[in-house]
Amino acid sequence: MLMSRAVAVRRVRPVEQDLSTMVAEVREGLARRPLPELPCKYFYDDRGSALFDEITALPEYYPTRTETGILEAHAEEIVDASSPGELVELGSGAGRKIRLFLDAMRRRGHLESVALLEISEGYLRESVDSLQADYPEARVSGIVGDFVRDLPELGPGGGRLLLFLAGTIGNLHPEQLPAFFRGAASVLARGDGFLVGVDLVKDPARLHAAYNDAAGVTAEFNLNILRVLNDRLGADFDPSDFEHRAFYDVEREWIEMRLRARRPVEARVPLAGVRLALASGDEIRTELSCKYTRESLERRLEGTGLVIERWFTDEESLFASVLLRRKC
Ligand code: AVJ
């Protein structure tokens with residue numbers, strides 16, 4: 001028998017429009033000089049998402065296990081602080097950590113709905129299905145969209161707890177943070193909470209190791225963005241023409257990932273009408289992963305309507321789970 005169930009996943013834009021957005025972003029990014037760029041959200045096709053999952057288990061990559069430890073210790077307390085009925089996660093990833101919150105909400109008998117906003121539709125559908133199966137009392141829904149542009153799709157808050165985990169906020173340029181926080185505040189009611197996972201400024205050697213793992217998984221992840229351009233835009237990149245590079249910029253307090261041409265490269269991206277010529281040693285920037293301190297984060301929160309209510313961290317202060325509250 002064919003089982004059918006209305007799957008509560010909707011796209012903000014039809015597939016074709018997402019493709020034309022990608023075309024525009026790739027064209028614009030690759031045209032930048034002196035440093036061409038690609039938006040890091042395009043790492044995450046199925047292979048890229050699987051590679052990121054592998055990264056989270058690497059010995060050098062401390063953020064995931066550190067954040068999980070913090071949330072295991074404090075999810076209950078975070079839920080108790082505002083007793084939300086609705087949980088919303090941005091960029092929902094593999095959806096393991098969200099269960100700590102759902103379990104705490106369930107124990108309070110106050111779990112009404114869950115919404116996930118995530119760019120990759122396949123991943124999102126799987127997460128929605130498995131959460132719906134495990135939390136049948138909740139209304140679980142998914143929105144295929146971009147957490148920077150599409151926050152308004154969530155509608156007004158009220159008894160909402162918003163989660164943005166893993167340090168993904170680090171992918172935004174620090175100057176984008178105030179607008180992002182204002183956008184988040186606009187989908188929260190006064191008193192609603194916003195839990196943000198933030199990777200902290202630390203020993204550069206530790207950061208360097210986390211983005212240059214010995215097994216080379218991060219390198220594969222970085223190169224995967226070229227395969228995504230090949231698959232989706234008909235590009236003809238040969239990943240073996242490039243090498244992975246990641247370094248910590250002590251002044252800017254961010255990790256930068258780049259792909260460096262090992263030899264002169266000529267590549268075409270037909271759907272974007274782009275011809276890219278690189279000399280040996282030229283680089284394409286593929287990701288920023290910004291690190292914060294309490295002070296540098298506070299500065300970006302000024303005037304956004306959000307304030308830090310609690311700062312949860314690990315023993316080594318590697319990572320922080322920051323509970324923000326909408327004040328006005
Ligand atoms: C998923 C954005 C948090 O910045 O550490 C991991 C992505 N890049 N290794 C991060 C990533 C290289 C990751 N975030």
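These numbers were taken from a predicted model, which means no experiment stands behind them.

S.K.: How do you make sense of the overall build of the protein when you look at a structure like this?
M.R.: Scanning the protein from N- to C-terminus turns up 9 helices and 13 strands. Taken over C-alpha atoms, the radius of gyration comes to 20 Å for the protein, in line with the 20 Å a tight globule of 328 residues would show. Oriented by its inertia axes, the alpha-carbon framework of the protein measures out at about 60 × 55 × 35 Å. Out of the 328 residues belonging to the protein, those deemed buried represent 52%. Counting every atom, the protein has about 14,500 Å² of accessible surface; 50% of that belongs to carbon and sulfur. Within the protein, one finds 43 positive and 54 negative side-chain charges whose respective centroids are separated by 3 Å.

S.K.: So what exactly am I meant to see when it comes to the nonpolar core here?
M.R.: Generally speaking, a soluble globular protein has its nonpolar side chains buried in company with each other. Counting 42 residues, the largest nonpolar core has Leu30, Leu229, Phe237, Phe242 and Val269 as its most contacted members. The dominant element in this core, judged by the number of residues it contributes, is helix H8 (residues 217-233), at 8 residues. Excluding anything up to four places from it in sequence, Val269 contacts Leu30, Leu233, Ala235, Phe237 and Val274. Ranked by size, the runner-up nonpolar core spans 34 residues in total, among them Leu162, Phe181, Val187 and Leu288.

S.K.: When you look at the sheet that holds strand S7 (residues 242-249) in this model, what are you seeing that I'm missing?
M.R.: Pairing between sheet strands relies on hydrogen bonds along the backbone, with the strands arranged either parallel or antiparallel. Pairing within the open sheet is antiparallel, and its 3 strands lie in the order S7-S8-S11. The strands lining the two open edges of the sheet, one partner per strand, are S7 and strand S11 (283-290). With strand direction ignored, the average angle separating the axes of adjacent strands in the sheet is 20 degrees. As paired strands, S7 and strand S8 (residues 254-261) are joined by 8 bridges and run antiparallel to one another.

S.K.: In this structure, what is going on with the environment of Gln17? I would like to understand it.
M.R.: One can find Gln17 in helix H1 (residues 15-31). Residue classification places Gln17 among the partly exposed positions, given a relative accessible area of 38%. As for Gln17 and Arg325, which are separated by 308 residues in sequence, their C-alpha atoms are 34 Å apart.

S.K.: It is not clear to me how the site of the ligand should be interpreted in this structure. Could you clarify?
M.R.: The environment of the ligand is made up of 14 residues, and the closest members are Tyr61, Asn171, Tyr211, Glu287 and Ser289. Contact between the ligand and Tyr211: an oxygen atom at 2.5 Å from a side-chain N or O atom of the residue. The contact in question runs from an oxygen atom of the ligand to an N or O atom on the side chain of Ser289, over 2.7 Å. Burial of the ligand by the surrounding chains reaches 97%, relative to a free accessible area of 350 Å².

S.K.: For this particular structure, what's the right way to read the sheet that holds strand S12 (residues 306-313)?
M.R.: The 8 strands lie next to each other as S1-S4-S3-S2-S5-S6-S13-S12, forming an open sheet whose pairing is mixed. Every interior strand has two partners, whereas the edge strands, strand S1 (9-11) and S12, have only one. Averaged over all adjacent pairs, the angle separating strand axes in this sheet is 20 degrees, with direction ignored. Across 7 bridges, the pairing between S12 and strand S13 (residues 319-326) is antiparallel. Opposite Ile308, over in S13, you have Leu324 as the bridge partner. Against the sheet, helix H4 (residues 98-107) contacts strand S2 (86-90), strand S3 (113-118), strand S5 (160-164) and strand S6 (193-199), and its axis sits at roughly 175 degrees relative to S2.

S.K.: In this structure, what is going on with helix H9 (residues 294-301)? I would like to understand it.
M.R.: What sets the pattern is the α-helix's 3.6 residues per turn: residues three or four places apart point alike. All buried positions along H9 are accounted for by Ser296, Leu297, Arg300 and Leu301. Seen from one end, H9 has its buried residues packed into an arc of 145 degrees, which puts them on one side. Away from its buried face by more than 90 degrees, H9 exposes Glu295 and Arg299. Just beyond H9, the residue with positive phi is Gly303, at close to 75 degrees.

S.K.: Whenever I open this one, the environment of Val88 confuses me. Can you help?
M.R.: By the secondary structure assignment, Val88 is in strand S2. Counting along the chain gives 162 residues from Val88 to Val250, while the straight-line C-alpha distance between them is 34 Å.

S.K.: Please explain the packing of helix H6 (residues 177-186) against H9 as it appears in this structure.
M.R.: The relative placement of two packed helices is expressed as an angle between their axes plus a distance between the axes. At a minimum axis distance of 8 Å, the contact between H6 and H9 shows a crossing angle of 65 degrees. For the pair H6 and H9, the contacting residues are Leu177, Pro178 and Phe181 in the first and Leu297, Arg300 and Leu301 in the second. Residues that form the contact of H6 with H9 fall into these classes: 5 nonpolar, no polar and 1 charged.

S.K.: Would you explain unusual backbone geometry in this entry?
M.R.: Comment: phi is negative for the bulk of residues other than glycine, and the bulk of peptide bonds are trans. Residue Pro34 is bonded to the preceding Arg33 through a cis peptide linkage, with omega at 10 degrees. Looking at where Pro34 falls in the secondary structure, it is placed in the loop between H1 and helix H2 (46-56).

Thresholds, definitions, all that
Residues numbered from 1 in each chain as written. Predicted model: local features only at pLDDT ≥ 70, side-chain atom pairs only at ≥ 80, totals over all residues. Heavy atoms only, no water. Helix = DSSP H or I, 4+ residues; strand = E, 2+ residues; numbered from the N terminus. Rg over C-alpha atoms; globule rule 2.2 N^0.38 Å. Buried < 20%, exposed > 50% of the residue type's maximum accessible area, 1.4 Å probe, protein only. Areas by Shrake-Rupley, 256 points an atom, 1.4 Å probe, with all protein chains shown as cover. Lys, Arg positive; Asp, Glu negative; His and termini not counted. Charge placed at Lys NZ, Arg CZ, Asp CG, Glu CD. Core = buried A, V, L, I, M, F, W, Y, C linked by side-chain atoms within 4.5 Å. Contact = heavy atoms within 4.5 Å. Pairing = 2+ DSSP bridges. Axes fitted to C-alpha atoms, helices over the stretch in contact; angles between N-to-C directions. Near = heavy atom within 4 Å. Polar contact = N/O pair within 3.5 Å; in protein donor to acceptor, adjacent residues only side chain to side chain. Arc of directions from axis to C-beta. Nonpolar A, V, L, I, M, F, W, Y, C, P; charged D, E, K, R; others polar.

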